[in-house]
Amino acid sequence: MINQPTSYSRIIQLMGFFFFGFLFYIAWVYFKERMLSYDSANYCFEIIQTKTFLAHGRWGAAFAQFLPLMALKNNCSLETFLRLYSVSFIILYYLIFLTCTLILKNNKAGLALMLALCLGFRWVFYYTVSELFMGMTFSVLVWALIAPENPYSSNLKKWFATIISMILIYMISYFHQLALIPVLFILLLELTGKKVRRNDLHLWIIIIIAACWSFIRIKYLSIEDYNGGKILSIKIYIEQLPNFFKFYSWIYFERFFRTLLICLTFTFVFCILILWYRKRWLLFLYFILFTFGYVLLIVITSYKGEAELLLQHYYPPIGLFVGIMLIYLLHDSRHRILTLLIISALLFINVTGIYQAKDFPAERINYLARLTNYAHQTGNKKIILNHDNVPADIEAGEWALPFETILYSSLSSPDSSVTYANSYSKKEMDSLIKIKNIFLGMFCGAVGFVNDNYFHLPASSYTKMNTSQADSSFKESEFKNKNIFLIPQVTELHTTSNMFVVAPIKIVNLTGKTLSSTPEGAHPVYLSYHLYDKNGNILRW
């Protein structure tokens, strides 16, 4: 019965309903983890302040902003705005799935879309406002148009699909420049995978126009927008190639794919083995070279170093390559039951991995909660932190801290709003605390006073949270291991490789003096700790 077209399509619709339904559940329940960090927090804050779409040169972002913006204009609560923004991405992806499967009758594109949205995702599922991921989904829609399951019945329909595909490619270039790479993968896959397509005029038109536009978009139209700083010259890529395996971006990539993305790694190998077994040598070489070429691109692009979450941000397109290739190889098989079982297993494993990955962004939310509680206890609502006192493992990308803290603290009510900025120097902190009627945003840039229906901040100036050991009142000789103690609040912590945990501790200061928290001066004082494994062996001294 499954081999019947109607039954097969219904099963895929059911799979899509549960897949996107579960992603919707995660996005709705864990909206704080998705919306109160990094760019997401910055986008939310600016949309609330301007009451309009926010793009930063990537106007494709407007698709996911429409629903929360309409709710905002109807005076919804802050929580409702954040939840709607979080789930709007999933709704958009599901609509594209329905377009592929119900309107275009292309089930293979629907299956590929689901795989593309989970194979390469773990923590980055909670990095919500990435236009790269949105561009990936529209790339699958392009595949549905240029590679229909049933050939178009007329030349007019074929030309219509060709024109719509080119319009989509133009749109995708304004989501994220790397989103053009999945488009290129799809076009070349169709060219190399089937001999008959090498004589397809429509495919060649799309490839030539897409290549020309991609060159123009990247070379000439990226200098002044949000993408410009990420682009490296060909000379730099060539110069850095000998150092490839020394870069932290490669070391992290290898470890991450060996642990948290092991399912994607095995699926890649599985596709390679199928191509080898079927003696599809051209496709075999193409798939390997294109995938490793992309890895080369993203590793060298980040050769100067990036936060780990931002490194992961570039991994999902690899999931798209592998997902599309797997569907390309299996979908036309007579063993549809086996194919659906394999795909269902992959979806279950990877959605489970996405759900489990929530623990890392949850620690970031817990940190925001601790900052908010401290501000409420001290009565300060505008606070400056020294950069050295921000825990980098939790708050990587601390430039977004002002937006994260004001959004989190304002969830209960506008009157509970607090905000933290972080500064890189004592001199800058001392000058900033003298200024009133400002809100310190990205990198302590003053963006004007914030006070509206969602945020209530006083007109007063900022307060310093940290004191420096460079101050003359600080005497390092007064602090010893006999009068300063670190008391663990738990005796054991359990974790696995590549997972993130926070160990709560209590600092006991019996000196009667203020223990300045910013280690500066000729003889800075640090608090040290030791970690042991379950067998008593020292992990960190």
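Going by the structure above, here's the rest.
Treat the numbers as computed from the prediction; the structure is a model and nothing was measured.

Trainee: Mind showing me how you'd approach the pattern of salt bridges here?
Mentor: Close approach of charged atoms lets side chains of opposite charge pair. For the coordinates displayed, the defined rule picks out eight salt bridges. For Lys158, the salt bridge is made with Asp200, and the minimal N-O distance between the two is 3.7 Å. A residue pair is termed long-range when its members are at least 10 positions apart, and Lys158 in helix 8 (residues 155-172) and Asp200 in the loop between helix 9 (180-193) and helix 10 (201-220) qualify at 42 residues. Take Lys158: its relative accessible area is 30%, and that puts it in the partly exposed class. For Asp200, the salt bridge is made with Arg197, and the minimal N-O distance between the two is 2.9 Å. Asp200 gets classed as buried once you look at its relative accessible area, which sits at 10%.

Trainee: What is the right way to look at the sheet that holds strand 2 (residues 419-423) in this model?
Mentor: Working definition: the strands of a sheet are paired by backbone hydrogen bonds and lie parallel or antiparallel to each other. As summarised here, the arrangement of the three strands in space is 2-1-3, forming an open sheet in which the pairing is parallel. If you trace the sheet from one side to the other, it starts and ends with strand 2 and strand 3 (463-464), each paired once. Judged from the five bridges that link them, strand 1 (residues 382-386) and strand 2 form a sheet pairing that is parallel. Looking across to strand 2, one finds that Asn386 is bridged to Ser423. Most of the contacts of helix 19 (residues 401-409) go to strand 2, to which it runs at about 165°, and overall it touches strand 1 and strand 2.

Trainee: Is there a simple way to explain the side chain of Glu190 in this structure?
Mentor: In this fold, Glu190 is placed in helix 9. Setting aside its immediate chain neighbours within four residues, Glu190 contacts Trp143, Ile146, Ala147, Arg197, Leu203 and Tyr328.

Trainee: I would appreciate a short explanation of the environment of Asn350 in the present structure.
Mentor: Within the secondary structure layout, Asn350 lies in helix 17 (residues 336-356). Given a relative accessible area of 0%, Asn350 falls into the buried group. The sequence separation of Asn350 and Ala179 amounts to 171 residues, and the corresponding C-alpha distance is 22 Å. Excluding residues that lie within four positions of it along the chain, Asn350 makes contacts with Cys118, Leu119, Arg122 and Cys263.

Trainee: In this structure, what is going on with the packing of aromatic side chains? I would like to understand it.
Mentor: Each aromatic ring pair is characterised by the separation of its centres together with the angle its planes make. According to the stated counting rule, one finds 49 aromatic pairs in the structure shown. Ring geometry for Tyr38 versus Tyr127: centroids 5.9 Å apart, planes at 65°, classification edge-to-face. With Tyr38 in helix 3 (residues 38-50) and Tyr127 in the loop between helix 6 (107-116) and helix 7 (131-146), this pair connects stretches of sequence that are 89 residues apart. Residue classification places Tyr127 among the buried positions, given a relative accessible area of 10%. With 5.4 Å between their ring centres and 45° between their planes, Phe63 and Phe138 make a pair best called tilted. Here Phe63, found in helix 4 (residues 62-73), pairs with Phe138, found in helix 7; they are 75 residues apart in sequence, far enough to count as distant. Among the residues examined, Phe63 registers a relative accessible area of 39% and is labelled partly exposed. Above the ring of Tyr38, the side-chain terminus of Arg364 is found at 3.8 Å from the ring centroid.

Basis of the calculations
Residues numbered from 1 in each chain as written. Predicted model: local features only at pLDDT ≥ 70, side-chain atom pairs only at ≥ 80, totals over all residues. Heavy atoms only, no water. Salt bridge = Lys/Arg side-chain N within 4 Å of Asp/Glu carboxyl O. Helix = DSSP H or I, 4+ residues; strand = E, 2+ residues; numbered from the N terminus. Buried < 20%, exposed > 50% of the residue type's maximum accessible area, 1.4 Å probe, protein only. Pairing = 2+ DSSP bridges. Contact = heavy atoms within 4.5 Å. Axes fitted to C-alpha atoms, helices over the stretch in contact; angles between N-to-C directions. Phe/Tyr/Trp six-rings, centres within 6.5 Å; stacked < 30°, edge-to-face > 60°. Lys NZ or Arg CZ within 6 Å of the ring centre and 35° of its normal.

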